[in-house]
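Here is what each chain is made of, one letter per residue.
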Amino acid sequence: MKSGVFDKKAFIQSVRDNLKNLYRKTLEEADQQEIFQAVSFAVKDVINDRWLATQQVFDKEDPKIVYYMSMEFLMGRALGNNLINLKEYKEVREALDEIGLNLDVIEDQEPDPALGNGGLGRLAACFMDSLSTLGYAAYGCGIRYRYGMFKQKIQDGFQVEVPDNWLKNGYPFELHRPEYTYEIKFGGHVRTESREDGSLRFVQEDYQSVLAIPYDMPVVGYGNNVVNTLMIWDAAAKDYFELDSFDKGDYQKAVEQQNLARNLVEVLYPNDNHVAGKELRLKQQYFFVSASVQRALARYKKNHDDIRRLPEKVTFQLNDTHPTVTVAELMRILVDEEGLGWDEAWEITTKTCAYTNHTIMAEALEKWPIEIFQRLLPRIYQIVDEINRRFVLQIQERYPGDDGKVARMAILYDGQVKMAHLAIVAGYSVNGVARLHTEILKNEQLHDFYEMFPEKFNNKTNGITQRRFLMHGNPLLADWVTKHIGDGWITELMQLARLVPYASDAKAQKEFMEIKRRNKVRLAEYIKEHNGIEVDPDSIFDVQVKRLHEYKRQFLNILHVMYLYNELKANPQMDFYPRTFIFGAKAAAGYRNAKLTIKLINSVADVINNDADIKGKIKVVFIEDYRVSNAEWIFAAADVSEQISTASKEASGTGNMKFMLNGALTLGTMDGANVEMAEEVGMENIFIFGMSSEEVIAHERNRDYDPMQIYNSDEGIRKVVNQLVDGTFSPNDPGLFRDLYNSLLNTQCTQYADTYFILKDFRSYVDAQKRIVEYYQDKQAWAKSAILNTAHAGKFSSDRTIQEYVDEIWHLDHITVPDAL
Ligand code: 26V
């Protein structure tokens, strides 16, 4: 089923055959879920040919391979995306249509594989798409969590977490690979024995072990026959089925191993930006890392006999510090199993591992108590201890007598293992994810390391895949773009710049805004169905969707909505352009202020949406269960994209890019990748407000910010802040939002009040919002800016990001896969 030779009849026959073989049903008898499965297997059949062909090219050409090591892959649904990348989306839609089936309904049957929290996990998914599309050999390595990111229900305005049993009907795109099972060892102790040549051998004894069994998922490149692999590991008990049930000791052990296996991969930790230091999480990390490294080395050894040349063929990219034990696991295998000396092994390891930092938030920096680390991973701990011993000597040699340096930089210090330090010391590359972020790492957070290893530091500004976030999510706009500039943008997003001349063309403007309107109608219908709220597609759709975190400042957004409502209430006759404020966000289950912010948004929504006095001029909508699948629709429908983090806190952001690509105007701070977006689109087409990162950092350093002063001197602000505790939005429980009130004003609650400078930036935000509404009413100006946002989104393709990783870090070989059929 090659592009252009798609055979509708054969495809439908394949769907019918699958229904017969899987369910013993005819097309007429099958339900939509069964049809989804049958269609997916028909698509997988096509994919498998290319997957095989890609493997053959790997075997023949022996390209260098990147192993993208990540605790999270937020893939989103595969069916539609696979069809797009096979270039068969429209053909399959038509074929299904002819037999009375609707591809939208079928796609909607697929669970959203949500093996990730947010930005970091979704970035990994976009990177896999780009690696295949650009023709590079890659494995994504992760965990096959039984339960992914929780499903969010809103009950009485509060978030309730519901387990995400994504595998309950079976997942058609995965392939079980028990032939690549590995053993992973935890605990016990290390015995040292002498080899005949006098060298030492380290043997782990009395350990518990589990088996790691991989499932492969195909990652289809766009129109190029390349299919890479996402390899996610399941766990199973080793001895359970072999156990001699009359031997009590063994039985006990077998049950323990069974429990360990079950717990290990049970659930994704639904935290983002906060370390809980849970033992199970460290087990998860070592589990998938050890399995993946073993697999990578086995693959290498199959056709190479000199392990010293590993860096020529293999590179491990560490997606944040979560997989940093890769470094020690590789050392362990090289020293203990391959018999290399320490220096040789270190030479190889430090040419094979590279690290990406995704946050400067101190709470998210991973540090493990030595006690846990040593108990769980005794041999790995010895190796980390030796890496640290040598590194501390290096620091002392370079900075004699400077104990501060050792205290700040050592890997083991204060009873903790500092994972970022390990990753930097062992990595050959350390990168941030947007220019500003990398500068902050170099100048502030990782300054000591930058001074010692300047050559390791580099920036790779994040990107997103246009295949999912424009072609699939916004087919109307995708077709419009193709109509004007051809379809080269699908693999070369910089070509969007050719839309620039159309930005000033009245007809193009009209078409562009008509498409935006149709996407707003599509979202309005979704909102009507899910929230029961009517929203006006002609109002301004002002959208903030992302994880809920205090630094992302959803609180600032909703305080501003309250402020607008106060203005309108006080003066119902005022000139007021209708606005719809749309939120979507999951809060970590134990994050109290985040959960309370969700409740606040819903409470404000209840009051405002039901206040007849304001005649529906403001609507507030909280979209339940924000996830990849509904995100695609939300980006397509947005007029205004809220990217309002406290400057310096958002490493990059990637949602910002998805909105921009879909022609929304950004309302944002000079933070993360917003800075580069402003540079690309021009300051006339973006709404920037608030303090700069330098100002924020200076206030933090000097501790000279006093929100109370602002509260006392600004009546409008005082009013909204007081409304948090006077029952305006929680008449039955006026104290409900007390903690949010306190977070702004009360120094007892946090290290200092208003940690994220909400009151400080409030007036500047109000002004920017005013500029936005005025601008929106100039239809032509707005349309021009919207088109220019799409036209200048080219830089933010993950294809560009991946090409930079390849050129400057990984140095992979390009592969070509011939047509399979
Ligand atoms: C951190 C932690 C801390 C330990 C508990 C579990 C857990 C899970 C995930 C994370 C990752 C937080 C870092 C993160 O997601 N960073 C985001 O990365 C995006 C991609 O680079 C970037 O666009 C966002 O700005 C950044 O917040």
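Residues numbered from 1 in each chain as written. Predicted model: local features only at pLDDT ≥ 70, side-chain atom pairs only at ≥ 80, totals over all residues.

1. Comments concerning the packing of helix 6 (residues 119-134) against helix 32 (residues 798-810)
Reasoning step 1: Where helix 6 meets helix 32, the closest approach of the two axes is 9 Å, and the angle between their N-to-C directions is 75 degrees. Judged by the inter-axis angle, helix 6 sits roughly perpendicular to helix 32. In this structure, helix 6 uses Cys126, Phe127, Asp129, Ser130, Leu131, Thr133 and Leu134 to contact helix 32, whose residues at the interface are Ser798, Asp799, Ile802 and Gln803.
Reasoning step 2: For the contact of helix 6 with helix 32, the residue count by class is five nonpolar, four polar and two charged. (Axes fitted to C-alpha atoms, helices over the stretch in contact; angles between N-to-C directions. Helix = DSSP H or I, 4+ residues; strand = E, 2+ residues; numbered from the N terminus. Parallel < 35°, antiparallel > 145°, perpendicular 65-115°, else oblique. Contact = placed C-beta atoms within 7 Å. Nonpolar A, V, L, I, M, F, W, Y, C, P; charged D, E, K, R; others polar.)

2. A closer look at the site of the ligand
Reasoning step 1: Within the structure, the ligand sits among 23 residues, and Gly119, Leu120, His358, Ala651 and Ser652 are positioned closest to it.
Reasoning step 2: Residues of the shell around the ligand, tallied by class, amount to seven nonpolar, 13 polar and three charged.
Reasoning step 3: Residue-level mapping places the shell around the ligand at the junction of two domains, with at least three residues from each of domain 2 (62-76 + 112-462 + 804-810) and domain 3 (466-691 + 713-724 + 756-796). (Near = placed C-beta within 6 Å. Domains from an automatic or database assignment.)

3. Section: the domain arrangement of the protein chain
Reasoning step 1: With domains assigned, the protein chain is organised as domain 1 (1-61 + 77-111), domain 2 (62-76 + 112-462 + 804-810) and domain 3 (466-691 + 713-724 + 756-796).
Reasoning step 2: Taken residue by residue, the interface counts 20 residues in domain 1 and 19 residues in domain 2.
Reasoning step 3: When contributions to the side of domain 1 that touches domain 2 are tallied by element, the ones reaching two or more residues are helix 2 (32-61) and helix 3 (79-85).
Reasoning step 4: The greatest single-element share of the side of domain 1 that touches domain 2, amounting to twelve residues, is contributed by helix 2.
Reasoning step 5: In terms of residue class, the side of domain 1 that touches domain 2 is built from eight nonpolar, seven polar and five charged.

4. A look at the confidence of the model for the protein chain
Reasoning step 1: Looking at the protein chain as a whole, its pLDDT mean stands at 96, while 97% of the residues score no less than 70.
Reasoning step 2: Counting interchain partners and residues more than four positions distant, the pLDDT-below-50 stretch residues 1-5 has nine contacts.
Reasoning step 3: For this predicted complex, the interface confidence score (ipTM) comes to 0.95, while the overall pTM stands at 0.97. (pLDDT = per-residue confidence, 0-100.)

5. Quick look at the nonpolar core
Reasoning step 1: Among the nonpolar cores identified, the biggest contains 244 residues, and Tyr67, Val384 and Val604 are the most heavily contacted of them.
Reasoning step 2: Leaving out residues up to four positions away in the same chain, Val604 has contacts with Ile558, Val561, Met562, Val620 and Phe729. (Core = buried A, V, L, I, M, F, W, Y, C linked by C-beta atoms within 7 Å. Buried ≥ 20, exposed ≤ 12 C-beta atoms within 10 Å, placed from the backbone.)

6. Quick word on the sheet that holds strand 23 (residues 687-688)
Reasoning step 1: If you walk across this open sheet you meet the six strands as 20-19-18-21-22-23, and the pairing is parallel. Only two strands of the sheet have a single neighbouring strand rather than two, namely strand 20 (618-622) and strand 23.
Reasoning step 2: Running over the sheet, helix 21 (residues 554-570) touches strand 18 (540-545), strand 19 (579-584), strand 20 and strand 21 (640-643) and is turned about 155 degrees from strand 20.
Reasoning step 3: Across the face of the sheet, helix 22 (residues 592-609) comes into contact with strand 19 and strand 20 while running at roughly 145 degrees to strand 20. (Pairing = 2+ DSSP bridges.)

7. A few points about the sheet that holds strand 13 (residues 367-369)
Reasoning step 1: In spatial order, the strands read 13-15-14; together these three strands make up an open sheet with antiparallel pairing. One side of each edge strand has no neighbouring strand; the edge strands of this open sheet are strand 13 and strand 14 (412-413).
Reasoning step 2: Strand direction decides the pairing type here: strand 14 and strand 15 (residues 416-418), joined by two bridges, are antiparallel. Paired with Tyr413 across the bridge in strand 15 is Gln416.

8. Some thoughts on the UniProt feature "modified residue: N6-(pyridoxal phosphate)lysine" (unreviewed entry) in the protein chain
Reasoning step 1: The feature "modified residue: N6-(pyridoxal phosphate)lysine" (unreviewed entry), as annotated in UniProt, sits at Lys658 in this numbering.
Reasoning step 2: Within the fold, Lys658 resides in helix 24 (residues 655-661).
Reasoning step 3: Look at Lys658 and you get buried, because 30 C-beta atoms sit within 10 Å. (UniProt positions renumbered as here; feature names shortened; annotations may be inferred.)

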